Amino acid sequence: MAEFVAGGRTAPAENGWKWIVEGWNLFKRQPGIWIALTVIFIVISIVFAFIPVLGSIASMVLSPVFVAGVMIGCRAQDAGGELKIEHLFSGFRERFGTLATIGALYLGATVVIVLFAGLVTGVKLFSLLGGGASDPGAIIAAAMTVLLAVLIVLALMLPVVMAIWFAPALVVFHQLGAVEALKASFAGCLKNVVSFLVYGLILLVASIVASIPFGLGWLLLGPVIACSIYTSYRDIYFT
C-alpha cells in the first residue's frame, strides 16, 4: 500500500511530462463527462463575472471547493469507478468550511499583493502621466512601470499558487486543516521546482495551441490540466 508523505517527495524532472500523460489517460476514459463538467464550470464562472464585486469574491473563495470536487472525481476514476457530474459539487459536502477558508486566504493574499504592487508603482505612474501624457518618453516610462507592476504581482503570486495548488486534495483526502494543507502544498511544489518547470513549459505551448481555434481547445486542455493536478499530487505525496 502506498504511504502518504505529508511534505511531499522529490519526483524526477521527466515526471512533469508524465503527469500530463497520466492526466490525459484519465480524461480519455470519459471525455464527454469531462467536457460537460468544463462547460458547467465555465457557465458558473460567467455567472459570477456578471455579479459586481461579490461575484469575484465568491469565485475566488469557492475555487478550492470546485477543485476539491474535481479531485474527488479523479480519485473515483483512478480507483476504477466513474466520473459523475455531481463530483464537481462534492466539495460543498466534504470539508466545505476548510476549503472555503483556503479560498478566503487566497483572496486575501491576492488583494494584498495587488495593493502592494500598486503602492510600489502607482506614485511613479501617476507622476509620469500627469507630467506629460503626450510625451513619448513619459508614455514609454509609464508602460515600463505598468510592466514592473505586473512582474511584481506575478513574482509574489507564485508562492501563493504553490501553496494552493495541492491544498484542496490534501484537505479532502487527508483531513488537513487549511494552514496545514497550504504548507504541505507549498513544500511539495518547492521540492519539485524542476518537474514543475517541465510541466509548465509543456502546458504553456499546449495553452497557446488550445487558444487558437476560438479557445475551443480548452474544452480538452482544461480537464487534462485538472487531471494532471491529481496525478502530480498522487506522484508527489505517495511512495
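Look up a bit, the structure's there.
Reading the values: the criteria
Residues numbered from 1 in each chain as written. Predicted model: local features only at pLDDT ≥ 70, side-chain atom pairs only at ≥ 80, totals over all residues. Heavy atoms only, no water. Helix = DSSP H or I, 4+ residues; strand = E, 2+ residues; numbered from the N terminus. Expected span 1.5 Å × (residues − 1). Bend = angle between axes of the 7 residues up to and from the residue. Contact = heavy atoms within 4.5 Å. Polar contact = N/O pair within 3.5 Å; in protein donor to acceptor, adjacent residues only side chain to side chain. Axes fitted to C-alpha atoms, helices over the stretch in contact; angles between N-to-C directions. Parallel < 35°, antiparallel > 145°, perpendicular 65-115°, else oblique. Nonpolar A, V, L, I, M, F, W, Y, C, P; charged D, E, K, R; others polar. Phe/Tyr/Trp six-rings, centres within 6.5 Å; stacked < 30°, edge-to-face > 60°. Buried < 20%, exposed > 50% of the residue type's maximum accessible area, 1.4 Å probe, protein only. Patch = residues over 30% accessible without salt bridge, like charges linked within 9 Å, V, L, I, M, F, W, Y side chains within 5 Å. Areas by Shrake-Rupley, 256 points an atom, 1.4 Å probe, with all protein chains shown as cover. Salt bridge = Lys/Arg side-chain N within 4 Å of Asp/Glu carboxyl O.

**Side note on helix α3 (residues 54-78)**
Phase 1: If you check α3, its first and last C-alpha atoms are 36 Å apart, about what 25 residues at 1.5 Å a residue would give, namely 36 Å.
Phase 2: Remark: the principal bend of α3, roughly 40 degrees, maps to L62, with a proline, P64, within the next four residues.
Phase 3: A positive backbone phi angle near 95 degrees is found at G80, which sits one or two residues after α3.

**Some points on the environment of Q175**
Phase 1: Among the secondary structure elements, Q175 is positioned in the loop between α6 (167-174) and α7 (178-190).
Phase 2: Placed 77 residues apart in sequence, Q175 and T98 show a C-alpha to C-alpha distance of 9.3 Å.
Phase 3: Not counting residues up to four positions away in its chain, the partners in contact with Q175 are R95 and L170.
Phase 4: Within polar-contact distance, the side chain of Q175 engages the side chain of R95 at 3.3 Å.

**Brief notes about unusual backbone geometry**
Phase 1: The phi dihedral of V53 falls on the positive side, at around 60 degrees, and the residue is not glycine.
Phase 2: Structurally, V53 can be placed in the loop between α2 (31-49) and α3.
Phase 3: Located in the positive-phi region is R95, a residue other than glycine, with phi close to 60 degrees.

**Points about the packing of helix α8 (residues 193-211) against helix α9 (residues 218-236)**
Two packed helices can be described by the angle between their axes and the distance between those axes.
Phase 1: Taken N-terminus to C-terminus, the directions of α8 and α9 make an angle of 170 degrees; their axes are 10 Å apart at the nearest point. Comparing the axis directions of α8 and α9 gives the class roughly antiparallel. Touching F196, Y199, L203, A206, S207, A210 and S211 of α8 are W218, L221, I225, S228, I229 and I236, all from α9.
Phase 2: Of the residues in the contact of α8 with α9, the class split is 10 nonpolar, 3 polar and no charged.

**A closer look at the packing of aromatic side chains**
Phase 1: Per the stated rule, a full pass over the model turns up 18 aromatic pairs.
Phase 2: Ring geometry for F66 versus F92: centroids 5.4 Å apart, planes at 75 degrees, classification edge-to-face. Of this pair, F66 sits in helix α3 while F92 sits in the loop between α3 and α4 (96-131), and the two are 26 residues apart along the sequence.
Phase 3: Between F196 and Y199, the ring centres sit 5.7 Å apart and the planes meet at 90 degrees, which makes this aromatic pair edge-to-face. In this pair, F196 and Y199 are both assigned in helix α8, 3 residues apart and thus about one turn of the helix distant.
Phase 4: Accessibility expressed as a relative area gives 4% for Y199, which makes it buried.
Phase 5: Cluster of aromatic residues (ring-pair linked, three or more members): F4, W19, W165, F166, F173, F196, Y199, Y230, Y233, Y237 and F238.

**Points about a nonpolar patch on the surface**
Phase 1: Together, V39, V43, V47, I51, V53, L54 and I57 make up a nonpolar patch on the protein surface, roughly 590 Å² of accessible area in all.
Phase 2: When residues of the nonpolar patch are traced back to their parent elements, those giving at least two are α2 and α3.
Phase 3: For the nonpolar patch, the element with the highest residue contribution is α2, accounting for 3 residues.
Phase 4: In this fold, I51 is placed in the loop between α2 and α3.

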